[in-house]
Amino acid sequence: MRLVVCKENSVTTGKFSKTNISTMSSDIKSVGVLTSGGDAPGMNAAIRAVTRAGISNGLRMYGIYRGYKGLISNEIEEFRTNSVSNIIQQGGTVLKTARSLEFMTLEGRRTAYENMQKHGIDALIVIGGDGSLTGAGIFANEFNIPVVGLPGTIDNDLNGTDTTIGYDTALNTIMQSMDKIRDTATSHERLFFVEVMGRNCGYLALNSAIASGAEAAIIPEISIEKDQLAELIEQGFRKSKSSSMVLVTESEVTGGAIKLAERVKTEYPQYDVRVSILGHLQRGGSPTAQDRILASRMGIAAIQALQENQRNVMIGIRENEIDYVPFKRAIKKERAISEELLEVLRISSI
Ligand code: ATP
């Protein structure tokens with residue numbers, strides 16, 4: 001597989017050990033868990049796994065509500081095994097999530113640290129995206145707290161992990177929506193731009209395009225290099241088709257689906273173009289089996305990482321093996337897109 005945009009190396013700090021967690025020792029007696037940033041299906045499965053792995057290893061476990069915001073406002077509750085009963089199948093996060101500007105200040109983080117001390121919380125597990133893990137790294141270094149992260153985001157935009165918690169569910173949701181849009185697109189012989197999330201990362205759009213039989217994906221990694229819309233039209237991509245579906249990553253780089261449709265209307269008026277923005281429905285819904293299993297494995301690995309005295313690492317998964325990825329590498333904004341997947345889409349959509 002050749003990687004485009006930016007190369008990613010596979011160096012990691014350490015492999016997940018197969019040792020039984022309970023045989024390991026660390027000074028950590030109690031652990032707090034929070035979800036932060038955008039919600040993602042599977043976060044509940046992760047909270048459940050973290051809580052139960054902690055308790056089964058004799059740790060006191062605390063649920064922190066509303067992410068860093070709740071850590072600052074002291075919304076903290078001790079969790080028992082039944083605190084996380086009946087949640088594995090639920091989308092969203094029972095701990096709620098929030099964005100916190102206050103946590104971006106030293107004062108805010110100091111209050112957060114003081115609240116941890118009040119409850120006797122020694123370590124933190126943060127479930128969230130790159131912003132949440134950036135904050136986690138800063139907080140850990142400033143106050144010398146053991147912090148481990150879990151990649152909880154539908155965008156699959158973190159380095160050092162093949163996939164993230166919530167990504168598979170979002171992919172399936174998009175695919176099901178695409179199947180429905182295809183029916184109307186075909187009936188009216190239209191060109192449809194369907195906008196999906198992903199920010200600077202095109203994985204959601206690219207894999208959704210492959211899974212739904214779309215004609216193309218306009219993604220940030222490629223839009224940086226060339227005008228994908230002009231190239232598509234010049235290649236006559238609709239020649240033998242009664243309808244066309246193009247996935248677009250919501251991003252400043254791609255311009256988004258509405259801008260692309262406006263361009264088509266003025267530059268290529270022969271096309272009957274429509275836009276569908278999937279928006280927040282991509283985040284919701286019951287997590288797939290894959291996301292539940294991933295979240296359960298990663299949640300248990302997070303407790304193990306703390307027990308092994310790992311610090312400032314995100315739990316990743318590479319070739320179906322749990323891995324520890326330093327925060328610094330995980331949050332680098334250079335997730336490469338697979339040229340093999342681009343080729344699969346190109347060939348399968350002729
Ligand atoms: P998603 O990928 O779903 O958007 P995210 O974790 O990237 O999730 P953000 O809104 O970027 O979501 O970040 C969540 C929270 O993490 C912020 O509201 C803030 O409290 C904290 N955070 C982000 N960046 C920093 C930073 N540089 N310093 C301290 N805290 C930060």
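Residues numbered from 1 in each chain as written. Predicted model: local features only at pLDDT ≥ 70, side-chain atom pairs only at ≥ 80, totals over all residues. Heavy atoms only, no water.

## Observations concerning the side chain of E221
Summarising the element assignment, E221 is placed in helix α7 (residues 220-223). Using a relative accessible area of 4% as the deciding quantity, one classes E221 as buried. Only 2.9 Å separates the side chain of E221 from the backbone nitrogen of G202, close enough to count as a polar contact. (Helix = DSSP H or I, 4+ residues; strand = E, 2+ residues; numbered from the N terminus. Buried < 20%, exposed > 50% of the residue type's maximum accessible area, 1.4 Å probe, protein only. Polar contact = N/O pair within 3.5 Å; in protein donor to acceptor, adjacent residues only side chain to side chain.)

## Comments concerning the environment of I87
With respect to the secondary-structure elements, I87 resides in the loop between β5 (76-79) and α3 (106-119). Residues I87 and R48, spaced 39 residues apart in sequence, show a C-alpha to C-alpha distance of 7.5 Å.

## A closer look at the packing of helix α1 (residues 43-56) against helix α10 (residues 289-307)
Two numbers describe a pair of packed helices, the interaxial angle and the distance between the axes. Where α1 meets α10, the closest approach of the two axes is 7 Å, and the angle between their N-to-C directions is 35°. As α1 packs across α10, the resulting crossing turns out to be right-handed. For the pair α1 and α10, contact is made by A45, A46, A49, V50, A53 and G54 and by R292, A295, S296, G299, I300 and I303, respectively. Grouping the constituent residues of the contact of α1 with α10 by class yields eight nonpolar, three polar and one charged. (Axes fitted to C-alpha atoms, helices over the stretch in contact; angles between N-to-C directions. Left-handed = near helix turned anticlockwise from the far one by under 90°. Contact = heavy atoms within 4.5 Å. Nonpolar A, V, L, I, M, F, W, Y, C, P; charged D, E, K, R; others polar.)

## Overview of the site of the ligand
The full set close to the ligand counts 18 residues, and R99, S100, D130, S132 and R199 are the nearest of them. G131 has a polar backbone atom sitting 2.9 Å from an oxygen atom of the ligand. Relative to its unbound accessible surface of 630 Å², the ligand loses 86% to contact with the protein. By residue number, the principal contributor to the shell around the ligand is helix α4 (residues 130-143), which donates six residues. Of the residues contributing to the shell around the ligand, the split by class is four nonpolar, 10 polar and four charged. (Near = heavy atom within 4 Å. Areas by Shrake-Rupley, 256 points an atom, 1.4 Å probe, with all protein chains shown as cover.)

## Overview of α1
Between its first and last C-alpha, α1 extends 20 Å over 14 residues, near the 20 Å set by a 1.5 Å rise per residue. Of all 14 residues in α1, 10 are buried, a share of seventy percent or more. Against β3 (30-35), β4 (60-64), β5, β6 (123-128), β7 (147-151) and α10 lie the buried residues of α1. (Expected span 1.5 Å × (residues − 1).)

## Describing a nonpolar patch on the surface
Together, I258, V275 and I277 line one region of the surface with nonpolar side chains, adding up to about 230 Å² of accessible area. Inspection of the secondary structure puts I258 in helix α9 (residues 256-267). (Patch = residues over 30% accessible without salt bridge, like charges linked within 9 Å, V, L, I, M, F, W, Y side chains within 5 Å. Salt bridge = Lys/Arg side-chain N within 4 Å of Asp/Glu carboxyl O.)

## Observations regarding the nonpolar core
Judged by nonpolar contacts, the single largest core of 64 residues is most densely connected at V31, I125, L150, L204, L247, M298 and I315. Top element by residues in this core is α10. It accounts for eight residues. Each of two domains, domain 1 (2-165 + 287-330) and domain 2 (168-283), supplies a minimum of three residues to this core. Those residues in contact with I315, other than ones at most four positions away along the chain, are V148, G149, L150, P151, M298, A301, A302, A305, I322, D323 and Y324. Of all hydrophobic cores here, the second largest spans 25 residues; its members include Y62, L124, L133 and V325. (Core = buried A, V, L, I, M, F, W, Y, C linked by side-chain atoms within 4.5 Å. Domains from an automatic or database assignment.)

## A short note on the sheet that holds strand β8 (residues 191-196)
Strand order in the open sheet made by the four strands is β9-β10-β8-β11, with parallel pairing throughout. Because the sheet does not close on itself, it has two edges, and the strands there are β9 (216-218) and β11 (273-277). Taken over all neighbouring pairs, the strand axes of this sheet differ in orientation by 25° on average, direction set aside. Most of the contacts of α9 go to β8, to which it runs at about 160°, and overall it touches β8, β9, β10 (244-249) and β11. (Pairing = 2+ DSSP bridges.)

## A closer look at the pattern of salt bridges
Pairing between side chains of opposite charge can happen when their charged atoms approach one another. Scanning the model with the defined rule gives 11 salt bridges in all. Among the ionic pairs, D272 bridges to R190, the shortest N-O distance being 3.0 Å. Here R190 lies in the loop between α5 (167-188) and β8 and D272 lies in the loop between α9 and β11, a separation of 82 residues in the sequence. For D272, a relative accessible area of 31% gives the class partly exposed. Judged by its relative accessible area of 14%, R190 is buried. Among the ionic pairs, R346 bridges to E343, the shortest N-O distance being 2.8 Å. Of this pair, R346 and E343 are both found in helix α12 (residues 339-348), three residues apart, which corresponds to roughly one turn of the helix. Here the residues in one salt-bridge network are R60, E78 and R80, joined through shared partners.

## Some thoughts on the packing of aromatic side chains
Following the criterion strictly, the structure yields five aromatic pairs and no others. Taking 5.2 Å as the distance between ring centres and 65° as the angle between the ring planes, the aromatic pair formed by F103 and F139 counts as edge-to-face. With a gap of 36 residues between them, F103 in the loop between β5 and α3 and F139 in helix α4 connect regions that are remote in the sequence. Of the two residues examined, F103 and F139, each falls in the buried class. Considering the side-chain rings of Y113 and F143, the 4.7 Å spacing of their centres and the 20° angle between planes classify their relative orientation as stacked. Taken together, the residues Y113 in helix α3 and F143 in helix α4 connect sequence positions 30 residues apart. (Phe/Tyr/Trp six-rings, centres within 6.5 Å; stacked < 30°, edge-to-face > 60°.)

## With respect to the domain arrangement of the chain
By the assigned domains, the chain splits into domain 1 (2-165 + 287-330) and domain 2 (168-283). The C-alpha-based centres of domain 1 and domain 2 are spaced at 33 Å. Between domain 1 and domain 2, the residue contacts involve 14 residues of the former and 15 residues of the latter. Note on domain 1 versus domain 2: buried area summed over both sides is about 1300 Å², and carbon and sulfur give 52% of it. (Buried area = accessible area lost by both parts, 1.4 Å probe.)

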